[in-house]
Amino acid sequence: ACHQLVWEIAEEWSSITGLNHLVEPELRAGMQMVALTLPDCDVMEVKNRLYDEFQIEIPVYRWKEQCIARISIQGYNTPADGQSLIKALKTLLY
């Protein structure tokens, strides 16, 4: 269930942004963590605002000139948590 939820979130984010995943589909088996590619942004501002305004604490960083947000889904996460993240990122980045 965690694997399915993390990739549902990743696919929805990709459809919103048009940005590609960093992991090829054949390498996804069992993964509960994914790096979401973000549009160019001030990563520290996004990280801080996610926490301060939305109470979402995730790593947001720059890697190889790309902005990345890393999410990890555990048994206590729900689809509503994923939708909260998507909504927060859309608010901050678009």
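Attention in this report is confined to the structure presented alongside it. (Residues numbered from 1 in each chain as written. Predicted model: local features only at pLDDT ≥ 70, side-chain atom pairs only at ≥ 80, totals over all residues. Heavy atoms only, no water.)

On to helix H1 (residues 2–17). Compared with an ideal rise of 1.5 Å per residue, which puts 16 residues at 22 Å, H1 spans 23 Å between its outermost C-alpha atoms and is within 8% of the ideal. Along H1, the residues classified as buried are Cys-2, Leu-5, Val-6, Trp-7, Ile-9, Ala-10, Trp-13, Ser-14 and Thr-17. The elements touched by buried residues of H1 are strand S1 (33–38), strand S3 (66–72) and helix H3 (79–93). Just past H1, the residue Gly-18 takes up positive phi, approximately 75°. (Helix = DSSP H or I, 4+ residues; strand = E, 2+ residues; numbered from the N terminus. Expected span 1.5 Å × (residues − 1). Buried < 20%, exposed > 50% of the residue type's maximum accessible area, 1.4 Å probe, protein only. Contact = heavy atoms within 4.5 Å.)

As a further point, take the environment of Asp-81. With respect to the element layout, Asp-81 can be found in helix H3. Considered as a pair, Asp-81 and Tyr-61 are 20 residues apart in the sequence and their alpha carbons are 21 Å apart. Side-chain polar atoms of Asp-81 contact the backbone nitrogen of Thr-78, separated by 2.9 Å. (Polar contact = N/O pair within 3.5 Å; in protein donor to acceptor, adjacent residues only side chain to side chain.)

A word on the sheet that holds S1. Here we have three strands laid out as an open sheet, ordered S1-S3-S2, and antiparallel in their pairing. Two strands bound the open sheet, and with one partner strand each, they are S1 and strand S2 (60–63). For this sheet, the mean inter-axis angle between neighbouring strands, taken without regard to orientation, is 35°. Direction of pairing for S2 relative to S3: antiparallel, over a ladder of four bridges. Residue pairing across strands places Arg-62 opposite Cys-67, the latter belonging to S3. Across the sheet, H1 lies against S1 and S3, angled at about 10° from S1, the strand it touches most. (Pairing = 2+ DSSP bridges. Axes fitted to C-alpha atoms, helices over the stretch in contact; angles between N-to-C directions.)

Bringing the packing of aromatic side chains into the picture now. According to the stated counting rule, one finds one aromatic pair in the structure shown. Aromatic side chains Trp-13 and Tyr-94 sit 6.3 Å apart centroid to centroid with 55° between the ring planes, which places their arrangement in the tilted category. Of the two residues, Trp-13 sits in helix H1 while Tyr-94 sits in the segment after H3, which places them 81 residues apart along the sequence. (Phe/Tyr/Trp six-rings, centres within 6.5 Å; stacked < 30°, edge-to-face > 60°.)

Attention now moves to H3. Taking 1.5 Å as the rise per residue, H3 with 15 residues should run 21 Å; its terminal C-alpha atoms sit 21 Å apart, in good agreement. Tucked inside the fold, the buried residues of H3 contact H1, S1, helix H2 (43–54) and S3.

Within the fold, Ile-71 resides in strand S3. The spacing of Ile-71 and Glu-57 is 14 residues in sequence and 9.3 Å in space, taken between C-alpha atoms. When residues no more than four places from it in sequence are discounted, the contact partners of Ile-71 are Val-6, Ile-9, Gln-32, Met-33, Val-34, Leu-36, Ile-58 and Leu-85.

Glancing now at the nonpolar core. Counting residues in each nonpolar core, the largest one holds 27 residues, and the members touching the most others are Leu-36, Leu-38, Leu-50, Leu-85 and Leu-89. Those elements that provide at least two residues to this core are H1, S1, H2, S3 and H3. (Core = buried A, V, L, I, M, F, W, Y, C linked by side-chain atoms within 4.5 Å.)

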